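Summary of structural features
Now for the letters of each chain:
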Amino acid sequence: MSDRRDFFGKALGAFAGLGALGALYAAKRTWDPLPSVKAAGFTTIDLSQAQENVLYTEMWRGKPIFVLKVPKADKKAYEDKRLIEVGGEKFFIAIGLCTHLGCIPAYYPDQYKFICACHGGQFNAAGEVLKAPPPSPLVIPPFKVEGKKVVLGESSPEYEKLKKAGLVA
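A closer look at the overall build of the chain
Regarding its fold elements, the chain presents four helices and 11 strands. For 169 residues, the compact-globule formula gives about 15 Å, and the C-alpha radius of gyration of the chain, at 26 Å, lies well above that figure. Across its three principal axes, the chain shows a C-alpha extent of roughly 95 × 35 × 30 Å. Look at the contacts in the chain between residues 6 or more apart in sequence, and 47% of them connect residues 24 or more apart.

Things to note about the pairing of strand E1 (residues 43-46)
With burial as the criterion, only one face of E1 is covered, namely that bearing Thr43 and Ile45; the residues Thr44 and Asp46 on the opposite face remain uncovered. When E1 meets strand E11 (residues 149-152), the two strands line up antiparallel, connected through four bridges. When the sheet's bridge partners are listed, Ile45 is paired in E11 with Val150.

Focus: the environment of Gln111
With respect to the secondary-structure elements, Gln111 resides in the loop between strand E6 (106-108) and strand E7 (113-115). In this structure the C-alpha to C-alpha distance between Gln111 and Pro137, which are 26 residues apart in sequence, comes to 18 Å.

Some details on the pattern of salt bridges
Side chains bearing opposite charge may pair, as long as their charged atoms lie close to each other. Scanning the entire structure with this criterion turns up four salt bridges. Salt-bridge contacts for Glu128 lead to Arg82; the nearest nitrogen and oxygen are separated by 3.6 Å. Residue Glu128 is found in the loop between strand E8 (122-124) and strand E9 (129-131), and its partner Arg82 is found in the loop between helix H3 (75-78) and strand E4 (84-86); the two are separated by 46 residues along the sequence. The exposure class assigned to Arg82 is buried, which follows from its relative accessible area of 3%. For Lys144, the salt bridge identified is with Glu146, shortest N-O distance 3.7 Å. Put simply, Lys144, Glu146 and Glu154 are held in one network by salt bridges that share partners.

Let's talk about the state of the cysteines
Counted according to the given criterion, the structure contains one disulfide. The residue that forms a disulfide with Cys103 is Cys118, at a sulfur-sulfur distance of 2.0 Å. A torsion of -110° about the S-S bond marks the disulfide between Cys103 and Cys118 as left-handed. Linking Cys103 in the loop between strand E5 (89-95) and E6 with Cys118 in the loop between E7 and E8, this pair joins segments that are 15 residues apart in sequence.

Remarks on the pairing of strand E3 (residues 63-69)
Judged by how many residues are buried, E3 sits mostly within the fold: six of seven residues are covered. Of the pairings in the sheet, the one linking strand E2 (residues 55-60) to E3 comprises six bridges and is antiparallel in character. Note on E3: the bridge partner recorded for Trp60 is Lys63. In this antiparallel pair of consecutive strands, E2 and E3, the connection spans two residues, and Arg61 shows a positive phi of 50°. Note that E3 and E5 share five bridges and pair antiparallel. Across the sheet, Ile65 pairs through a bridge with Ile95, a residue of E5.

Here is what the cut-offs are and how they apply
Residues numbered from 1 in each chain as written. Predicted model: local features only at pLDDT ≥ 70, side-chain atom pairs only at ≥ 80, totals over all residues. Heavy atoms only, no water. Helix = DSSP H or I, 4+ residues; strand = E, 2+ residues; numbered from the N terminus. Rg over C-alpha atoms; globule rule 2.2 N^0.38 Å. Contact = heavy atoms within 4.5 Å. Buried < 20%, exposed > 50% of the residue type's maximum accessible area, 1.4 Å probe, protein only. Pairing = 2+ DSSP bridges. Salt bridge = Lys/Arg side-chain N within 4 Å of Asp/Glu carboxyl O. Disulfide = S-S within 2.5 Å.

Here it is in structure tokens:
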């Protein structure tokens, strides 16, 4: 009789242990970020097909990201230290929100500049302020260069170098 009681006690203990493991697994899954949140953390942009002086807009963490292969004809902007070199070409990559009130500036390729319609603020093709009221240049997000691709949301030595020089917020 005692052998049977011991068997049922061990079986009940094993069953309870499995239930506890299942509960812990379910609790862990609720603490993990959703796949959509994980995916929003990093965005990879392939720049191999980018054309000069054409603005591309991507989304990263719910914000527009401006990607511009800076035209060599705009000599002043082309030499700007805020530009990112990818595959021997220079790109301007920034969060596409005006630093004044958060409006989205439009790019005028014939003038090589961004103009914010809200209050008339202007930025050159490297995101530097040309005309107030914006208090600072367009913000460069954390990035990492991988060949002809840029991964947004991941810091890199290139980004840290810009940050140390005071060229990013």
